[in-house]
Amino acid sequence: MDLARVIGSVVCTQKNVALHGRKLLLVQPVTVEGQDTGRPLVAIDAVGAGAGERVFYVTGREASFAFIPDHVPTDASIVGIVDRVDLL
Amino acid sequence: MFLGRVLGNLVATQKEPKYEGKTLLLVQPVSPEGNDDGEVVVAVDSVGAGAGETVLVVVEGRSTSIAMDQKLAPANAAIVGIVDDIDWES
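Small disclaimer: the values here were computed from a predicted structure and weren't measured.

Draft legend 1. Inspection of the overall build of chain A at higher detail. Counting its secondary structure elements, chain A contains 0 helices and 6 strands. If you list the helices and strands of chain A from N to C, you get β-β-β-β-β-β. Here the C-alpha radius of gyration of chain A, 13 Å, is about what a compact globule of 88 residues would show, namely 12 Å. Across its three principal axes, chain A shows a C-alpha extent of roughly 45 × 25 × 20 Å. When the 88 residues of chain A are sorted by exposure, 34% land in the buried category. A sequence separation of at least 24 residues applies to 53% of the contacts in chain A between residues at least 6 apart.

Right, dumping it as structure tokens:
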């Protein structure tokens, strides 16, 4: 899983029926130090994340497992909101 | 699988239910020589690893689900071993 910051949301009126009711968020991957790294991506929210929050997301086939028993066509899902990180 | 060094842990109150009770650790991938190599990942711990330890990490596929004792877990990385030693063939 990777760290990211929620930078916005994506609205699609017309979308795959399996995406109905799902929240699409735009996230910017970040380093542990909080620096942007790489390109923003769209992820489906599984935990109620909001703008500005630091989250972690899962990618690939496993991203759809966050919505079982529903079948959701996604390759990126937000699965946790970061409260804090405790570093050594 | 890759080798990594545990940097610390990540606290998340709000998370996908399948993560309930699991420890999340930040892992810096390292080369066999111990140099940082690549981006830090968030991994689910299945062996009781702690900060500073060198660990064995599985990524993607069924392996992370098995490590989490779940049928289909929404996770990309899991720690499955704490490295004691690497024996080099010289």
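Draft legend 2. Quick look at the pairing of strand S4 (residues 54-59) of chain A. Residue and element names in this part refer to chain A. Counting buried positions along S4 yields 5 of 6 residues, so the element is predominantly enclosed. Two strands pair when backbone bridges link them, and strand S1 (residues 2-10) and S4 are joined in this way by 4 bridges, in the antiparallel orientation. Its bridge partner lying in S4, Asp2 is registered against Tyr57. As paired strands, S4 and strand S5 (residues 76-81) are joined by 5 bridges and run antiparallel to one another. Looking at S5, one finds that Thr59 is bridged to Ala76.

Draft legend 3. Region of interest: the sheet that holds strand S2 (residues 24-29) of chain A. Residues and elements named next belong to chain A. As summarised here, the arrangement of the 5 strands in space is S1-S2-S3-S5-S4, forming a closed barrel in which the pairing is mixed. Adjacent strand axes in the sheet meet at a mean angle of 55° when their direction is disregarded. The sheet contact formed by S1 and S2 spans 6 bridges and is antiparallel. Its bridge partner being in S2, Val10 is matched across the sheet by Leu24.

Draft legend 4. Seen up close, the interface of chain B and chain A. Chain B puts 26 residues into the contact, and the matching count from chain A is 29 residues. In terms of residue count, strand S1 (residues 2-11) of chain B provides more of the side of chain B that touches chain A than any other element does, 5 residues in total. When the residues that make up the side of chain B that touches chain A are grouped by side-chain class, the tally is 15 nonpolar, 7 polar and 4 charged.

Conventions and cut-offs
- Residues numbered from 1 in each chain as written.
- Chains lettered and ligands numbered in written order.
- Predicted model: local features only at pLDDT ≥ 70, side-chain atom pairs only at ≥ 80, totals over all residues.
- Helix = DSSP H or I, 4+ residues; strand = E, 2+ residues; numbered from the N terminus.
- Rg over C-alpha atoms; globule rule 2.2 N^0.38 Å.
- Buried ≥ 20, exposed ≤ 12 C-beta atoms within 10 Å, placed from the backbone.
- Contact = placed C-beta atoms within 7 Å.
- Pairing = 2+ DSSP bridges.
- Axes fitted to C-alpha atoms, helices over the stretch in contact; angles between N-to-C directions.
- Nonpolar A, V, L, I, M, F, W, Y, C, P; charged D, E, K, R; others polar.

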